[in-house]
Amino acid sequence: MTPPRTDGHLRARGLEYAWRIHPVLQDIGFDLREGEVLALLGPSGCGKTTLLHLCAGLLDLQEGTLENTFARPAMMFQQPRLLPWQNARDNIALSLRAQGVPRGRAREAAQGVGLQLGLDALALDAWPHALSGGMQSRVSLGRALVTRPDLLLLDEPFAALDIGLKAQLHELLLGFRDEQATAMLMITHDIMEAMRLADRILIMAPHPGRILYEHAPARRQAARDAAWIHAETARLLEVPVVRSCFELPGAAPAPRGAQAPRAFSC
Amino acid sequence: MLPTLRRILRGLPAYLWSGWGAACSLLFLLAAWEALSAHYGDLILPAPLATAQRLAELHGSGRLGAELLVTARRASAGLGLALAAGSLLGLCAGLSSTVALLARPLITLLLGTPPIAWLVLALLWFGMGDGTPVFTVFVACFPIVFAGALQGARTLDAGLRDMARACRLPWGMRLREVYGPHILSYLFPAAITALGSAWKVVVMAELLASERGVGAALAVSRAQLDTAATLAWVVAVLGCLLCVEYGLLEPLRRELERWRENTR
């Protein structure tokens, strides 16, 4: 059964965040609408995870506004964060049970999602410590997907997976988005992955974390083949401000503060 | 409930079979005892058979059961109080880093104070009744349980806590499925250690400060230079301890900590 669609959006304006006196995020603003996939790219330590945790309500806002009208948000963390004393099936079922679904029905739903994610019955019966890193990631993704969320917050969801499995899960996520209009805010280090999945890509610079560049791939996801993705990624990496964000060799320092309006490309 | 029972029954033969190792080491101990007894003579160390015979006599006279019951009652009362107070206060202390910091030196002091010192104080406070052994057991076990609960509460995984918030787990579920099993994994070993201490301390307390119980019976056998009876009482106490440990606590621990097994 497909849950009712909510006219959801996530709107951030002027977000600032600091750990003690160290600014982590500066003037962050973006919109995420129903059914849209937004990828956040940036070097390590640029505040992507902090931003995602703010969106999930795990950190308190310090400055700016964040409006979230999605009814069923779900999050997948960078580490799997599975309960070691529950088997994989029960870990997936956990978020469904949190909504009051009886244990039996939640387990059935978990089994279905687990199979979709390539976890067989043996893996679903296993304790988390007995699973490989990739399997643990999939259990964690299953825990987020099983509630059929309208907003998915994903923190490097496919970092521990091989390329074959990654491609399968990309298809699965896009299918999920087409079927249920799920919005996704995804952190990734993999530019090609962002180019494969995202409707828009936001690129952040570090110290403090700020969005300096926005790129909207021209083709629809279904039409993006490997050659196109490679070519587009190469083109994106030639943009001077993108090179600066990642502090690539030969790049100028990333612009700071008021001198840093966001650049766009389509 | 039914699947749990089925799983326990399925695992029972393997569990009983694993008892051969323990039986083997106990038989080795008996053999060593027999050898030492043959060397030193019955007055110093009566043979295992003579001890068993004395144990049977004590059982026949009804004293064995009666005294063991008194000792068990005192030990469980003290241990029960220590478990209740220790886990509750330990958890509360663990939730605040300031209280945990303040509690640490006190726990070290309590753990380091010899039970015999408490016993003397308890004798002055409670006299020769049940109060003295129960209090001594309580005060010996409390810091062990408290430290276990405090450690459990201090080491709660912040990652799992965030996950529980992100999944919007209701409070009951968080306690039952996220925090509870973690704290239990610290509390349970502490409770087992406390149980061992409880038996030792209660016998010592009874020896010096009571007219009933195994400890008091040991005092009588010492006065009569009845080494066989002394050993019979020691064997009875150890037998009870082994029964509780392997008949109740070890199966319970295995059931609660199944997730630690290497299943694949």
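Keep in mind it's a predicted model, so treat the numbers as computed, not measured. (Residues numbered from 1 in each chain as written. Chains lettered and ligands numbered in written order. Predicted model: local features only at pLDDT ≥ 70, side-chain atom pairs only at ≥ 80, totals over all residues. Heavy atoms only, no water.)

1. Focus: the overall build of chain A
So, point 1. Secondary structure assignment for chain A yields 9 helices and 10 strands.
So, point 2. Against the globule reference of 18 Å for 266 residues, chain A gives a C-alpha radius of gyration of 19 Å, in line with a compact fold.
So, point 3. Along the three orthogonal principal directions, the C-alpha set of chain A runs to about 55 × 45 × 35 Å.
So, point 4. Relative to all contacts within chain A whose residues are 6 or more apart in sequence, the contacts with residues 24 or more apart total 71%.
So, point 5. Across chain A, the mean location of the 28 positive side-chain charges is 2 Å away from that of the 28 negative side-chain charges. (Helix = DSSP H or I, 4+ residues; strand = E, 2+ residues; numbered from the N terminus. Rg over C-alpha atoms; globule rule 2.2 N^0.38 Å. Contact = heavy atoms within 4.5 Å. Lys, Arg positive; Asp, Glu negative; His and termini not counted. Charge placed at Lys NZ, Arg CZ, Asp CG, Glu CD.)

2. Here's the deal with the sheet that holds strand β2 (residues 22–33) of chain A
Residues and elements named next belong to chain A.
So, point 1. Strand order in the open sheet formed by 3 strands is β2-β1-β4, and the pairing between neighbours is antiparallel. Both outer strands of the open sheet, β2 and β4 (63–68), are each paired with one neighbouring strand and no more. Strand-to-strand twist across the sheet, computed as the mean angle between neighbouring axes with direction ignored, equals 20°.
So, point 2. Across the sheet, helix α1 (residues 48–56) is in contact with β1 (9–19), β2 and β4; its angle to β2 comes to roughly 55°. (Pairing = 2+ DSSP bridges. Axes fitted to C-alpha atoms, helices over the stretch in contact; angles between N-to-C directions.)

3. Some points on the interface of chain B and chain A
So, point 1. The interface is formed by 22 residues belonging to chain B together with 26 residues belonging to chain A.
So, point 2. Summing the contributions of chain B and of chain A, the shared interface buries around 2200 Å²; its carbon and sulfur component is 63%.
So, point 3. Connecting chain B to chain A are 2 salt bridges.
So, point 4. If you look at where chain B meets chain A, you find 7 residue pairs in polar contact (both at pLDDT 80 or more).
So, point 5. Considering every element that reaches the side of chain B that touches chain A, the biggest residue donor is helix α8 (residues 158–166) of chain B, with 6 residues. (Buried area = accessible area lost by both parts, 1.4 Å probe. Salt bridge = Lys/Arg side-chain N within 4 Å of Asp/Glu carboxyl O. Polar contact = N/O pair within 3.5 Å; in protein donor to acceptor, adjacent residues only side chain to side chain.)

4. Regarding the packing of aromatic side chains
Residue and element names in this part refer to chain B.
So, point 1. Under the definition given, this model contains 9 aromatic pairs over all chains.
So, point 2. Consider the rings of phenylalanine 138 and phenylalanine 142, whose centres lie 5.6 Å apart with planes at 35°: the pair is tilted. You can see phenylalanine 138 and its partner phenylalanine 142 sitting in helix α7 (residues 131–154), 4 residues apart, about one turn around the helix.
So, point 3. Three or more aromatic residues joined by ring pairs form one cluster here, namely Trp118, Trp125, Phe126 and Phe135.
So, point 4. Stacked on the ring of tryptophan 171, the Lys or Arg arginine 174 has its end atom at 4.9 Å from the ring centre. (Phe/Tyr/Trp six-rings, centres within 6.5 Å; stacked < 30°, edge-to-face > 60°. Lys NZ or Arg CZ within 6 Å of the ring centre and 35° of its normal.)

5. Structural notes on the domain arrangement of chain A
All names here are of chain A.
So, point 1. Entries for chain A in the domain assignment read domain 1 (9–72 + 150–265) and domain 2 (80–147).
So, point 2. With 12 residues of domain 1 in contact, the opposing surface of domain 2 contributes 10 residues.
So, point 3. Summed over both partners, the interface of domain 1 with domain 2 buries about 900 Å², with 77% contributed by carbon and sulfur atoms.
So, point 4. Linking domain 1 with domain 2 are 0 salt bridges, by the criterion used here.
So, point 5. Along the contact surface separating domain 1 from domain 2 lie 0 residue pairs in polar contact (both at pLDDT 80 or more).
So, point 6. Among the secondary structure elements, those contributing two or more residues to the side of domain 1 that touches domain 2 are β6 (151–155) and α6 (163–180).
So, point 7. No other element matches α6, which puts 5 residues into the side of domain 1 that touches domain 2. (Domains from an automatic or database assignment.)

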